[in-house]
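# Tertiary structure, described
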Protein chains: 2
Amino acid sequence: MRRDIFQAIADPTRRAIITLIALQAMTPNAIAEHFDSTRQAVSKHLRILTECELVQQEQKGREIYYQLKIEKMKEIDKWLEQFRTIWESRFNQLDNLIVSLKKKK
Amino acid sequence: MRRDIFQAIADPTRRAIITLIALQAMTPNAIAEHFDSTRQAVSKHLRILTECELVQQEQKGREIYYQLKIEKMKEIDKWLEQFRTIWESRFNQLDNLIVSLKKKK
DNA sequence: AATTTGTGAAACCAAAAAGTTGCACATATA
DNA sequence: TATATGTGCAACTTTTTGGTTTCACAAATT
């Protein structure tokens, strides 16, 4: 079972969970209330998110608070970097084209 | 079959294909040469990538060139935006902390 | 001490995904 | 025209995924 962050964000429910806990930590029950599926299903998603280190837990009494480890999200950003370079250079090419068209005029 | 870009990039082979054709269009055969799996498997990946509009085809004689539609990649970037705001504000909080510590000194 | 509450984990199931083999078909090339 | 080449598609198989139900257990509450 090789879990990586790209697989983690493939599921729409997991993406919603990530967004939900991005700003404040929440318990599994509180998270599950936002979805149609059972608490156990949400719990399974949290397990997957924990496995690929996107989420961390903090125990408080019998409650467990799950929080997003936001630095991990940067890995996606890092992968996108290669494409950002390309789309920016294309934008520049377009920009140059516009400039040269204006000069002609 | 709900295909979205997040599911498309979940598979490591598909991510590799995306990177491979980012700079120049390639035929299915040429792409398949870079991987262990069969041409048909690669062809299936290309179909999925085409379905979610990450890739476009250009027929040249009997060959079909597949090219990345790089603008589509921006959708991922767009989703990341919400988290970028958070991680930047956290960085600023840290920055403010450092500044106030220096003032104290 | 008995009960309720919050949680994880295992067993099971249906659907989807990823791969393979085999085929059809059009376009080149001999 | 006969053959080789490039490709997509359908059928089938195996593995993975997302979900449910059921259970165990510890921490709160009564």
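Our structure is the block above this text.
Residues numbered from 1 in each chain as written. Chains lettered and ligands numbered in written order. Predicted model: local features only at pLDDT ≥ 70, side-chain atom pairs only at ≥ 80, totals over all residues.

For chain A, the count of helices and strands is five helices and two strands. Counting from the amino terminus, helix and strand elements in chain A follow one another as α-α-α-α-β-β-α. For 105 residues, the compact-globule estimate of 2.2 N^0.38 gives 13 Å, and the C-alpha radius of gyration of chain A, at 20 Å, exceeds that figure by more than 25%. Reported as C-alpha extents along the three principal axes, the dimensions of chain A are approximately 70 × 25 × 25 Å. Per-residue burial for chain A yields a buried fraction of 19% across its 105 residues. By sequence separation, contacts in chain A at least 24 residues apart represent 50% of the contacts at least 6 residues apart. (Helix = DSSP H or I, 4+ residues; strand = E, 2+ residues; numbered from the N terminus. Rg over C-alpha atoms; globule rule 2.2 N^0.38 Å. Buried ≥ 20, exposed ≤ 12 C-beta atoms within 10 Å, placed from the backbone. Contact = placed C-beta atoms within 7 Å.)

What follows is about the interface of chain A and chain B. It is common to give the size of an interface as the accessible area lost on bringing the parts into contact. Of the residues lining the interface, 16 residues belong to chain A; the matching set on chain B comes to 18 residues. For the side of chain A that touches chain B, the secondary structure elements donating two or more residues are α1 (5-8), α2 (12-21) and α5 (70-104) of chain A. Residue composition of the side of chain A that touches chain B, by class: eleven nonpolar, three polar and two charged. (Nonpolar A, V, L, I, M, F, W, Y, C, P; charged D, E, K, R; others polar.)

For the rest of this paragraph, the subject is the protein's contact with DNA strand D. Near DNA strand D lie 23 residues; those nearest to it are A:Thr38, A:Ala41, A:Gly61, B:Thr27 and B:Asn29. At the level of secondary structure, the elements contributing two or more residues to the surface near DNA strand D comprise α4 (39-51) of chain A together with α3 (28-32), α4 (39-51) and β2 (63-68) of chain B. (Near = placed C-beta within 6 Å.)

With that settled, consider the protein's contact with DNA strand C. The environment of DNA strand C is made up of 23 residues, and the closest members are A:Thr27, A:Asn29, B:Thr38, B:Ala41 and B:Gly61. Elements with a minimum of two residues in the surface near DNA strand C: α3 (28-32), α4 and β2 (63-68) of chain A together with α4 of chain B. For the surface near DNA strand C, the class distribution of residues is five nonpolar, eleven polar and seven charged.

Looking now at α4(B). Residues and elements named next belong to chain B. In this model, α4 (13 residues) spans 18 Å end to end at C-alpha, consistent with the 18 Å of a helix rising 1.5 Å per residue. By the burial criterion, the buried members of α4 are Val 42, His 45, Leu 46 and Leu 49. Around the axis of α4, the buried residues are gathered within 100° of arc, so they sit on the same side. Of the residues in α4, the exposed ones pointing more than 90 degrees away from the buried face are Gln 40 and Arg 47. Contact partners of the buried residues in α4: α1 (5-8), α2 (12-21), α3, β1 (55-60) and β2. At the exit of α4 stands Glu 53, carrying a positive phi of roughly 60°. (Expected span 1.5 Å × (residues − 1). Arc of directions from axis to C-beta.)

Under the fitted operation, chain A is carried onto chain B by 0.0 Å of movement along the axis and a turn of 179°, and the coordinates agree to an RMSD of 0.2 Å. Such a combination of rotation and displacement between the chain copies is what one expects of a two-fold axis. Across chain A, the rotation axis passes nearest the C-alpha of A:Ala10, at a separation of 2.9 Å. Here 100% of the interface residues in chain A have copies in chain B that are interface residues too; the copies meet face to matching face. (Least-squares fit on C-alpha atoms with pLDDT ≥ 70 in both.)

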